[in-house]
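One letter stands for each residue in the lines below.
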Amino acid sequence: MAENMDEKKIIFSGIQPSGALTIGNYLGSLKNWVELQDEYNCYYCVVDQHAITVPQEPKMLRKNTLEILAVYLAAGLDPEKCTLFIQSHVPAHAQLSWVLSTMTYMGQLNRMTQFKEKSQKGEGNLNAGLFTYPVLMAADILLYNADLVPVGEDQKQHLELARDLADRFNSRYSDTFTVPDGYIPKLGARIMSLQEPEKKMSKSAEDPNSYILILDDEATIKRKFKRAVTDSIGIVKYTDEQPGIKNLITIYSSFSNMSIEEIEKKYEGKGYGEFKEDIGQLVADSLAPIREKVEYYLDNKDELERIYREGAQKAEKASRRVLSKVYRKVGFIQR
Ligand code: TYM
């Protein structure tokens, strides 16, 4: 409820508009955001400034940004309960990021596995933004004094940096930032590629058969599951020896709320064909209502506009307070 907003603990999280969202994004983060929105004072952001650390076609960036906001709403986030906004609308993110970058050691950023992976892809012309990106993420989180950050497993290391920077700032100046905790789901924190189950499912992967998009239609979802890589063992069992099947069981369990044991039992003595058929139907049925609502919001852009404008106002107010405190503490003269 709005009236006791101040007593609630705070959540911040975001998703990059660097492509259409996958069920990895949904199960690792968005689904949990919806579950947490009643209990916490939540700030959920479309982090467009993060997305430009890799080249983006401006038209596509705009499209993806609005689409992701529409998915937030369609998945059940309520703008009356939480603050939904676009990162570039709130200048304090970039401003705090600058201050924090002067307190971040190069060595810390050099150790970031996501940066190492992206730079090893040999894409050439690596930009400084990609390198300092975790500092901007720390700024996002610390700016709202978030207590909790619901993310997938791949963000753990970035979150650790945010905690470290909060501690460092607090001990160098005085108590300013809340040291945030991660909220990483037990199941679904790392959904794997359907084609290479040893790799994470990613919205920027080249092979569309490797991921299921939240907005894929029923036929596409079923086809992609049918083509998912499995093994020759032929038993529906949750084990490391069967990474493809293990991943499918995880997805099945996350969408059905059935336990792993129940799923194994249900498919005892049955082949992968039936299992794949069922999982395709289950996921398609679960996503259909979201897809329909997304279409509604994309057809009603003025409603989206009203929501992101109001969100930006609320986020700006909260973030300005923290930023001025930081500016004062580091010794900047107040205007
Ligand atoms: P991004 O945009 O890559 O992903 C958004 C969220 O989805 C989760 N995720 C997954 N979870 C499970 N399985 C997968 N295969 C999978 N792929 C992605 C991510 O862990 C993430 O929670 N740096 C962040 C965005 C960000 C942010 C923040 C997050 C910027 N500032 C502040 C939290 C707080 C990112 O690139 O997420």
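Scroll up to find the structure this text is about.
Residues numbered from 1 in each chain as written. Predicted model: local features only at pLDDT ≥ 70, side-chain atom pairs only at ≥ 80, totals over all residues. Heavy atoms only, no water.

Q: So, the overall build of the protein chain: which residues are in play, and what are the values?
A: Looking only at helices and strands, one finds 13 helices and 5 strands in the protein chain. Summarising its shape, the C-alpha atoms of the protein chain cover approximately 70 × 45 × 40 Å along the three principal directions. The proportion of buried residues among the 335 residues of the protein chain is 50%. Sequence-distant contacts, at least 24 apart, represent 76% of the contacts inside the protein chain between residues at least 6 apart. Summed over its atoms, the accessible surface of the protein chain is roughly 16600 Å², and 48% of this surface lies on carbon and sulfur atoms. Charged side chains in the protein chain number 44 positive and 48 negative. The centres of these two groups are separated by 4 Å. (Helix = DSSP H or I, 4+ residues; strand = E, 2+ residues; numbered from the N terminus. Buried < 20%, exposed > 50% of the residue type's maximum accessible area, 1.4 Å probe, protein only. Contact = heavy atoms within 4.5 Å. Areas by Shrake-Rupley, 256 points an atom, 1.4 Å probe, with all protein chains shown as cover. Lys, Arg positive; Asp, Glu negative; His and termini not counted. Charge placed at Lys NZ, Arg CZ, Asp CG, Glu CD.)

Q: Please provide a residue-by-residue account of the site of the ligand, values included.
A: Around the ligand there are 27 residues in total, and Gln-16, Tyr-133, Asp-140, Asp-154 and Ile-191 lie nearest to it. Gln-16 is positioned such that a nitrogen or oxygen atom in its side chain is 2.7 Å from an oxygen atom of the ligand. Residue Ile-191 places a main-chain N or O atom 2.8 Å away from a nitrogen atom belonging to the ligand. For the ligand, the accessible surface in isolation is 710 Å², of which the surrounding protein chains cover 97%. (Near = heavy atom within 4 Å. Polar contact = N/O pair within 3.5 Å; in protein donor to acceptor, adjacent residues only side chain to side chain.)

Q: Before we move on, can you summarise the pairing of strand E1 (residues 10–15) with the specific residues and values?
A: Burial analysis of E1 places 5 of its 6 residues in the buried class, which makes it a mostly covered element. Examined bridge by bridge, E1 and strand E2 (residues 41–46) share 6 bridges and lie parallel to one another. Along E2, the bridge assignment pairs Ile-10 with Asn-41. With helix H1 (residues 23–36) bridging E1 and the parallel E2, this β-α-β connection has right-handed handedness. (Pairing = 2+ DSSP bridges. Right-handed = clockwise from strand over helix to strand, strands pointing away.)

Q: Tell me about the nonpolar core, and please be specific about residues and values.
A: With 60 residues, the main nonpolar core has Tyr-44, Tyr-72, Phe-225 and Val-283 as its most contacted residues. With 10 residues, the single largest contributor to this core is helix H12 (residues 272–299). Those residues in contact with Phe-225, other than ones at most four positions away along the chain, are Ile-23, Leu-194, Ile-212, Leu-248, Ile-251, Lys-276, Ile-279, Gly-280 and Val-283. Judged by nonpolar contacts, the second largest core, of 41 residues, contains Ala-138, Phe-169, Phe-177 and Val-326. (Core = buried A, V, L, I, M, F, W, Y, C linked by side-chain atoms within 4.5 Å.)

Q: Requested: an account of the packing of aromatic side chains, with residues and values cited.
A: In total, this model carries 15 aromatic pairs according to the counting rule given. When the ring of Phe-12 is compared with that of Tyr-144, the centres are 5.4 Å apart and the planes differ by 15°; the resulting orientation is stacked. Taken together, the positions of Phe-12 in strand E1 and Tyr-144 in the loop between helix H7 (128–142) and strand E4 (148–150) put the pair 132 residues apart, joining distant regions of the chain. Taking the relative accessible area as the measure of exposure, Tyr-144 reaches 4% and is therefore buried. (Phe/Tyr/Trp six-rings, centres within 6.5 Å; stacked < 30°, edge-to-face > 60°.)

Q: Describe the pattern of salt bridges, listing the residues and the values that go with them.
A: Taken as a whole and assessed by the stated rule, the structure comprises 14 salt bridges. Bridged by salt links that share partners, the residues Glu-160, Arg-163 and Asp-181 form one connected network. (Salt bridge = Lys/Arg side-chain N within 4 Å of Asp/Glu carboxyl O.)

Q: Account for the environment of Gln-281, with residues named and values stated.
A: Locating Gln-281 in the fold gives a position in helix H12. For Gln-281 and Ala-219, which are 62 residues apart along the polypeptide, the C-alpha to C-alpha distance reads 9.3 Å. When neighbours within four sequence positions are excluded, Gln-281 is seen to be in contact with Glu-218 and Lys-222. In terms of polar contacts, Gln-281 uses its side chain to reach the side chain of Glu-218, at 3.4 Å.

Q: Explain the packing of helix H4 (residues 92–101) against H7 to me, using residue names and the numbers behind them.
A: Look at H4 against H7: their axes get within 8 Å of each other, and the N-to-C directions meet at 120°. The interaxial crossing formed by H4 with H7 has right-handed handedness. Within the contact between the two elements, H4 uses His-93, Ala-94, Leu-96, Ser-97, Leu-100 and Ser-101 and H7 uses Val-135, Leu-136, Ala-138, Ala-139, Asp-140 and Leu-142. Residues belonging to the contact of H4 with H7 are distributed by class as follows: 8 nonpolar, 3 polar and 1 charged. (Axes fitted to C-alpha atoms, helices over the stretch in contact; angles between N-to-C directions. Left-handed = near helix turned anticlockwise from the far one by under 90°. Nonpolar A, V, L, I, M, F, W, Y, C, P; charged D, E, K, R; others polar.)

Q: Can you explain the packing of H12 against helix H13 (residues 301–330)? Please cite residues and give values.
A: At their nearest, the axes of H12 and H13 sit 5 Å apart, and the two run at 85° to each other. Classified by the angle between their axes, H12 and H13 sit roughly perpendicular to one another. Along its contact with H12, which presents Tyr-296, Tyr-297, Leu-298 and Asp-299, the element H13 presents Lys-301, Glu-303 and Leu-304. Each residue belonging to the contact of H12 with H13 can be placed in one class, and the counts come to 4 nonpolar, no polar and 3 charged. (Parallel < 35°, antiparallel > 145°, perpendicular 65-115°, else oblique.)

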